[in-house]
Amino acid sequence: MNLLLLEEADFIAADRVILRDRRLTHMQEVHRAAVGDSLRVGRIGGLMGSAELVRLEAKEAELVIHSLDQPPPAKLPLTLLLALPRPKMLRRVLQTVASMGVPKVILVNSYRVEKSFWQTPFLEPEAIREQLILGLEQSRDSVLPEIIIEKRFKPFVEDRLPALVEGTLGLVGHPGDYPACPRGLDEAVTLAIGPEGGWIPYEIDLLAKTGLQPVQLGARILRVETAVTALLARLF
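Calculation rules
Residues numbered from 1 in each chain as written. Predicted model: local features only at pLDDT ≥ 70, side-chain atom pairs only at ≥ 80, totals over all residues. Heavy atoms only, no water. Helix = DSSP H or I, 4+ residues; strand = E, 2+ residues; numbered from the N terminus. Buried < 20%, exposed > 50% of the residue type's maximum accessible area, 1.4 Å probe, protein only. Contact = heavy atoms within 4.5 Å. Areas by Shrake-Rupley, 256 points an atom, 1.4 Å probe, with all protein chains shown as cover. Pairing = 2+ DSSP bridges. Axes fitted to C-alpha atoms, helices over the stretch in contact; angles between N-to-C directions. Domains from an automatic or database assignment. Buried area = accessible area lost by both parts, 1.4 Å probe. Salt bridge = Lys/Arg side-chain N within 4 Å of Asp/Glu carboxyl O. Polar contact = N/O pair within 3.5 Å; in protein donor to acceptor, adjacent residues only side chain to side chain. Nonpolar A, V, L, I, M, F, W, Y, C, P; charged D, E, K, R; others polar.

The subject of this paragraph is the overall build of the protein chain. Along the backbone of the protein chain there are six helices and twelve strands. In terms of principal-axis extent, the alpha carbons of the protein chain reach across some 60 × 40 × 35 Å. Each of the 236 residues in the protein chain was classed as buried or not, and the buried ones make up 46%. Contacts spanning at least 24 positions in sequence make up 71% of the contacts within the protein chain whose residues lie at least 6 apart. Entry remark: accessible area of the protein chain is about 11,800 Å², with carbon and sulfur atoms responsible for 50%.

Written out as structure tokens, the structure reads:
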């Protein structure tokens, strides 16, 4: 935890917060915080700054906010279209996209996405939010990415994706005889990453009709979580 994120419910006054959950445990067991220590803090959805630990007990801690005047780091100019990964991988991917500064993620269906994946409790809003916050704490960011769920691939791609792609560079990460993924872009990108096993040809064709052109990272077949990191690092 490189940034202590504060919820609205934590505030007991404009400049004071009380913590009683895992953040308290982290301060005690990892940071070994003591009364008088200054900690990096951020208000979820807002600015970042510092706070002083003024009271530390077994079941709660009180902090006084000294400043909240630093803007969070800029987000990537990216919309990520991601075929729903398997549940355990979903949690890791959500942390990754939050820590890397992705502002919008659209989770979509695909032929190779198992139906059972859509039943996972990890898709509940609070479960998604929990993983995003872990990613933000790691990277010192205070603004949650937007997560959109689209369970029907064809209607989404045909009816709503074209408007999202407009004015951006549309790319599909996909192994095969395609151009190499571009590097170091300074323009807005809409990027689609498929499931384990990749998109099927029909899906690639449909995505291409909306302006998303396939690109590849080489001959190796990557796990979804690895592909996400590799493509983002290469693009930006």
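That was the structure; now back to the text.
On to the sheet that holds strand β7 (residues 78–83), then. In any sheet, the strands associate via hydrogen bonds between backbone groups, in a parallel or an antiparallel arrangement. Spatial ordering of the open sheet is given by β9-β8-β7-β11-β10-β12, a layout of six strands whose pairing is parallel. Only two strands of the sheet have a single neighbouring strand rather than two, namely β9 (146–150) and β12 (212–215). Taken over all neighbouring pairs, the strand axes of this sheet differ in orientation by 20° on average, direction set aside. As paired elements, strand β8 (residues 104–108) and β9 share five bridges and run parallel to each other. Residue pairing for β9: Val 105 is matched across the bridge by Ile 147. On top of the sheet, helix α4 (residues 153–165) reaches β7, β8, β9, β10 (169–173), β11 (189–193) and β12; it is set at about 165° to β8, its chief contact.

Moving on, we get to the domain arrangement of the protein chain. Assigned domains within the protein chain: domain 1 (4–70) and domain 2 (78–235). Each side of the interface is counted separately: domain 1 has ten residues, and domain 2 has ten residues. Of the roughly 840 Å² buried where domain 1 meets domain 2, counting both sides, 52% is carbon and sulfur surface. The largest share of the area that domain 1 buries against domain 2 comes from Leu 5, Arg 22 and Ile 44, three residues that together contribute 52% of it. Along the contact surface separating domain 1 from domain 2 lie two salt bridges. Between Arg 129 and Glu 7 there is a salt bridge whose closest N-O contact spans 2.8 Å. Across the domain 1-domain 2 interface, the total number found is four residue pairs in polar contact (both at pLDDT 80 or more). Among the secondary structure elements, those contributing two or more residues to the side of domain 1 that touches domain 2 are α1 (22–29) and β4 (38–43). Taken together, the residues of the side of domain 1 that touches domain 2 break down into three nonpolar, two polar and five charged.

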